Each structure stands twice: as C-alpha cells, then as structure tokens.
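Structural overview for review
Residue-level listing of the chains:
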Amino acid sequence: MVADMTQRTIAASWLLPGTGEAVAKNLAVAIGDGKVVSVEQGQGGGDGALVLPALANAHDHARVARLSQVGSYDVPLEAWLPYLTLIPAIDPYLASLVSFARTARGGVGAVMAHYTRVQGLTDFPTEAKAVARAARDIGIRMAFAVHCRDLNPLVYDPHERLLAELSPGACECVTRRFLRKPLSAADQVAMVETVAAEIEGDGVTVQYGPAGVQWCTDPMLRLIGEASARTGRRVHMHLLETKYQRNWADRNYPQGVVRYLDEIGLVNERMSFAHCIYLRLDEIDLIAERGATIVVNTSSNLIVSSGVAPVAEFIKRGCRVAMGLDGLAFDEDEDALREMRLAYALHKASGFDIRVSRDDLMRFATVNGRFAITGKLDEGIAPGALADLLVLDWKALSAELVEPEVPPLDVLLAKARQQHIKSLFVAGREVVRDGKVTGIDLPALEAELLAVLRAAYATTADVRAAMPELKAALHKHYAGPLYCA
Ligand SMILES: [Zn+2]
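Quick notes on the rules
Residues numbered from 1 in each chain as written. Predicted model: local features only at pLDDT ≥ 70, side-chain atom pairs only at ≥ 80, totals over all residues. Heavy atoms only, no water. Phe/Tyr/Trp six-rings, centres within 6.5 Å; stacked < 30°, edge-to-face > 60°. Helix = DSSP H or I, 4+ residues; strand = E, 2+ residues; numbered from the N terminus. Buried < 20%, exposed > 50% of the residue type's maximum accessible area, 1.4 Å probe, protein only. Lys NZ or Arg CZ within 6 Å of the ring centre and 35° of its normal. Pairing = 2+ DSSP bridges.

1. So, the packing of aromatic side chains
On inspection of all chains with the given rule, the structure shows eleven aromatic pairs. Measuring from centroid to centroid gives 5.1 Å for Tyr 115 and Phe 144, while their planes differ by 35°, and the two rings are tilted. In this pair, Tyr 115 sits in strand β6 (residues 108-115) while Phe 144 sits in strand β7 (residues 141-148), placing the two residues 29 residues apart along the sequence. A residue is classified by how much of its surface remains accessible, and Tyr 115, at 1% relative accessible area, is buried. With 5.4 Å between their ring centres and 65° between their planes, Tyr 156 and Tyr 478 make a pair best called edge-to-face. Pair noted here: Tyr 156 is in the loop between β7 and α4 (160-165) and Tyr 478 is in helix α19 (residues 461-479), with a separation of 322 residues, a long-range link. Classification of Tyr 478 by relative accessible area gives buried; the value is 5%. In textbook terms, an aromatic cluster arises when at least three aromatic residues are bridged by ring pairs, as seen for Tyr 156, Trp 215, Tyr 244, Tyr 478 and Tyr 483. When the ring centre of Tyr 93 is taken as reference, the NZ or CZ atom of Arg 133 above it lies at 4.0 Å. The ring of Phe 371 carries Arg 320 above its face, with NZ or CZ at 4.1 Å from the centroid.

2. Section: the sheet that holds strand β17 (residues 429-433)
Ordered in space as β3-β2-β1-β4-β15-β16-β17-β18, the eight strands form an open sheet in which the pairing is mixed. The open sheet has two edge strands, β3 (35-41) and β18 (436-437), and neither has a second partner. As defined by bridge partners, strand β4 (residues 49-53) adjoins strand β15 (residues 389-393) across five bridges and the pair is classed as antiparallel. Directly across from Ala 49, in β15, lies its bridge partner Asp 393.

This is the structure in structure tokens:
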C-alpha cells in the first residue's frame, strides 16, 4: 500500500488503543509516512476526536446489491443464496468500487472479499484485477479470497429429487443457471496462485476461499490444505452457518467435521472460519487450541434466519473472534459501528455475568479481523504502528452528556454510527473525511450502479420466473425427512 507521506496531527479528546491498553485522554496523535509518529499529551479538550484503530470487516463478499433490492429480505440462507442469481452480471470494477466505498464509509479500513459471486464478463484474473484496482482506488486493505467450489451446486445432497418437483420450464432454467459443470478442483486451486501473481501487493493479499465443507469435495479441500501448508497462504471459508449444514456435515463426516478439517491441514493459525454458529464445544476447543479465527456475522445470522453464534463460548474457550458484516448490515448501510454495537448487545452478558469484556470487543472489531485479513498482528495505536485510524466526532457524540466522565467506549457503544465519522485513515491516507469517501463521488457512482442494475435486470428474468417454484422446492427439501431425523 502506498503510504501517504502527509504529516498531520489529530487532536484526540480520547484514544481507544484497541489492544488492551487503558483509554487515554487528551492526546495529540501525529501521523506521517503511513505510520503513527508519536502519541503525546495534547490540547484536545472537548472539541477533539475519539480516535480508535480502523475497524476490520473479516467476512464479506464485495457484493453489488443489498438484499431488499432484489426482494430477498427474510428468506432463509439456503433459499436466499439462489436469489443472488437475480442480480445481473455487471462491470466488476464499478460494483467493487461502490462496495468498498460503502465499506470505508462504514468505518472499515481492512476487508475480506470472499469473492463468491463472479460477474464472469471476462476471464477470472482480469476480473480479480478490477476488484483489486477498486480496493486501491478507495484506499482500504483487502484480502481477496478466491472462491473454490465443486460440490452441491443447488442443495446439500443430490438434487435430482428437487429437480423433479419443478415444472419443465423452471427445471430447464435451474439446470442451465445452477448446474454448470465446475472447473476441476486442481484448476480452481491453481487459479489462486495465478490471481495472486497478478494482484498481490500494495494493500492487497490473496487467500484460498473454499466455499465451505458442503460445497467442496474432499479432494479439493485436501489440495487447499496442502497448498496452504506449502505456501503459507491464508484460507477463508464458511463453516456450520446453518442447522442444515450441521446435519449434512454430521452425515458426511461422522468422525466430526472440524476434526476432519484438522486432519487435512485446515485448522490452524492461517485459517479463518465465517459463522460457526453450530460448532460443538469440543470443536470450539480445537479451534482455540489451533489458533484459527472465527468470524462472527451477527446481522447476517439474524437476517437470513441462521441463528445466534455461541460467542460467549468462543471467548471463554480462548478462540480468536473477529467481526464480519457478510454484505448484510442490519440496516443495509454497511455501518460497522452499528454492527459492533449489535454484536456486543447480543452477546455481552447475562445479568452480572459478563461474557464479552470491553477488551474482547475491541479485539473483535479491530485487531482480530485485521489478523484474519492481513496475517499480521498489529500493535494498536503507538509510535511505529500503521496509521490505520478511525476518528469519530467526539463533540457530537458527547453533546448530550450530563456526567462529563462517561467512558468514551460507553458513548461509542450507545450511539456511534457512521454519521459520526470525521476521518478514516488507512496507511495515513484519509480515505473518508466528514462522512464522505475521498477521491470519488459515491452518490454519483451509486446512481450509476443502480441504473446499470435496472437496465440489465431483464437478463435474469428467467431466474425471476423460476424463483417461486425453486424457493418452494428448497423449502420442501430442507423440511424433508433427510433434515428432520
Ligand atoms: Zn458469507
């Protein structure tokens, strides 16, 4: 990443270093050359800022559209995923530029783009280059997890019975749209290194992105385990997001799906697992022991009816836990501050029994996610640390305080939203200023994106016509005897 050489000083009324140090008051944070130069006693006062590390979104997909845009609000995950096919294929640069800009505006300086939806208008490395260029143009750090998938294209388990439920027209459409033969496992895995050679560096890293155990054959997962061990490249995948995935995994991996992943080299420090709602306690222990990261997606889990992750157990048992938005922020606005609040409120405590400490929360929202994305453990806000900082408007946040000494994290958790962002710095570059993404005109790009999506919407009319039947058949499949045993 090209560091911004500009020297500047941020007057911090409060500093939340993010990695366990005490909250500090009235400091001047000098940055330059992409790093924090000094943190000294300052003249901040009440008009300054609340400074914390830039937030990390450790599970997302650089998605083009929000779910209500294609009418898929309130659809369970297994039926919701096919709805993504309703979104027309468009220019990947425009799509990613808007996605990353919204991510930055939401307070995030580092994002995981698990690229599960390929536009496919060009060859894949060309598309990956467009996505990487968009991340660099916006100025956020990005891990591009190359999606690998070669199993269960429509449902977990064989799909013949489901197809037989459909009318001939819907069956033809679903077969054509969803059941194309995938590239071989070896070709898909080899593509990861091809893409890495093209786009890695300058704030962008590349990871293996197996879709999940129910979407990858054993040979594919083994190839990825071997390749990651050989190259040191990180791996990001979904794991046990729904009760149906748990059911499938138990039938197909009777030795225990996490134990299986461990045997093939996919439970270690290089791994991050998204969701993990249906992990068992011994599996949580194994993940903690191996140092893998669990990425919790609170809003997404609620919206697509997947469930509530056992975050208290993750933390109690010593897992590294990070935050993800999964393209499904609670108000469809990509606000990572609200996501942080929602996750904390849902998991923090039962009465006086505290389950998520403030320290756990800061690590969840910042350093643990950055580790999953970059593979590096950052040192908080101190001289020499990367100047990846989120600067909130403390004057606005504290405007209604009666008690002057309310801890700033309390105020942040109570009310901070992306509207309170004064600046987001990444490697010293001011990516967001006064709530606006710098260097681009986001409202104009959003209008352009919407026009493009509407103009191209007719290209997915066939899926739209088949969707009611497909949704009903999917419901029947997962409500059926296989999953109710
Ligand atoms: Zn996801």
